[in-house]
Amino acid sequence: MDGAPKTSNSQTVTIEITTEAQQESRDVIARGLQAFNARHLGEYQWTALDVYVRDPGGHVIAGLIGDFALGWLEIHGLWVAEDLRGSGLGSDILNAAEKAAVERGCRAVILDSLSFQAPAFYEMRGYVRIGTVDDYRGAAQKIFMQKRLQTR
């Protein structure tokens, strides 16, 4: 129950549920998880790796949001403004991110795409499906993909 006091290991704790992200609380959780994982994986740090495409006025019209650690680039999203789709810009963005990832020691990329988004786009660029979640929402699937990068 949200906000109900609970006793855990002789401590009274409160479980809070929120739909408003609290950066400080997120940072505590991320640091705790990273410290636990480091015992198994060694020390590491997730670092942002984003690609932004801007028009002459400086407005973002396409881009990629990602981060990397442990030799992996994780892509959280790739978006191209609708009037620019099919122009090759998405491929340029993906190529730039992959090149930057290799330069930073990454050997592979992982991402997920919904079935109505761009799985075919990624497959044409060497990504392979490694798992799916059916009925993600209605008839949509959530598709997990990866690609091994050509390292030097």
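The rules behind each value
- Residues numbered from 1 in each chain as written.
- Predicted model: local features only at pLDDT ≥ 70, side-chain atom pairs only at ≥ 80, totals over all residues.
- Heavy atoms only, no water.
- Buried < 20%, exposed > 50% of the residue type's maximum accessible area, 1.4 Å probe, protein only.
- Helix = DSSP H or I, 4+ residues; strand = E, 2+ residues; numbered from the N terminus.
- Pairing = 2+ DSSP bridges.
- Core = buried A, V, L, I, M, F, W, Y, C linked by side-chain atoms within 4.5 Å.
- Contact = heavy atoms within 4.5 Å.
- Phe/Tyr/Trp six-rings, centres within 6.5 Å; stacked < 30°, edge-to-face > 60°.
- Expected span 1.5 Å × (residues − 1).

Engineer: Quick question: what am I supposed to make of the pairing of strand β4 (residues 51-54) here?
Structural biologist: A regular strand carries its side chains on alternate faces of the sheet. Residue alternation in β4 divides its side chains into a buried set, Val51 and Val53, and an unburied set, Tyr52 and Arg54. The pairing of β4 with strand β5 (residues 60-69) spans four bridges and is antiparallel. The partner of Val53 across the bridge, within β5, is Ala62.

Engineer: Help me understand the nonpolar core, please; the structure alone is not making it clear to me.
Structural biologist: The tendency in soluble globular proteins is for nonpolar side chains to be buried side by side. Counting 25 residues, the largest nonpolar core has Leu73, Ile75, Ile93 and Tyr127 as its most contacted members. If you list the elements that add at least two residues to this core, you get β4, β5, β6 (72-80), α2 (89-103), β7 (108-114), α3 (119-123) and β9 (140-148). Of the residues forming this core, the biggest block, seven residues, is contributed by α2.

Engineer: Help me understand the environment of Ser91, please; the structure alone is not making it clear to me.
Structural biologist: Tracing the chain through its elements places Ser91 in helix α2. Relative accessible area serves as the criterion here: at 15%, Ser91 is assigned to the buried category. Between the C-alpha atom of Ser91 and that of Arg125, which follows or precedes it by 34 residues, the distance is 8.1 Å. Filtering out sequence-adjacent residues up to four positions away, Ser91 remains in contact with Phe121 and Arg125.

Engineer: Any chance you could explain the packing of aromatic side chains here in plain terms?
Structural biologist: Under the definition given, this model contains two aromatic pairs. Aromatic side chains Tyr122 and Tyr127 sit 5.5 Å apart centroid to centroid with 70 degrees between the ring planes, which places their arrangement in the edge-to-face category. When its relative accessible area of 2% is taken as the criterion, Tyr127 is described as buried. Put simply, the rings of Phe121, Tyr122 and Tyr127 pair up and form one aromatic cluster.

Engineer: Any chance you could explain helix α1 (residues 23-41) here in plain terms?
Structural biologist: For the α-helix, the turn length of 3.6 residues means that residues three or four positions removed from each other point alike. Taking 1.5 Å per residue, 19 residues should reach 27 Å; α1 reaches 25 Å between its end C-alpha atoms and fits that length. Two residues or fewer past α1, Gly42 is found with a positive phi of approximately 90 degrees.

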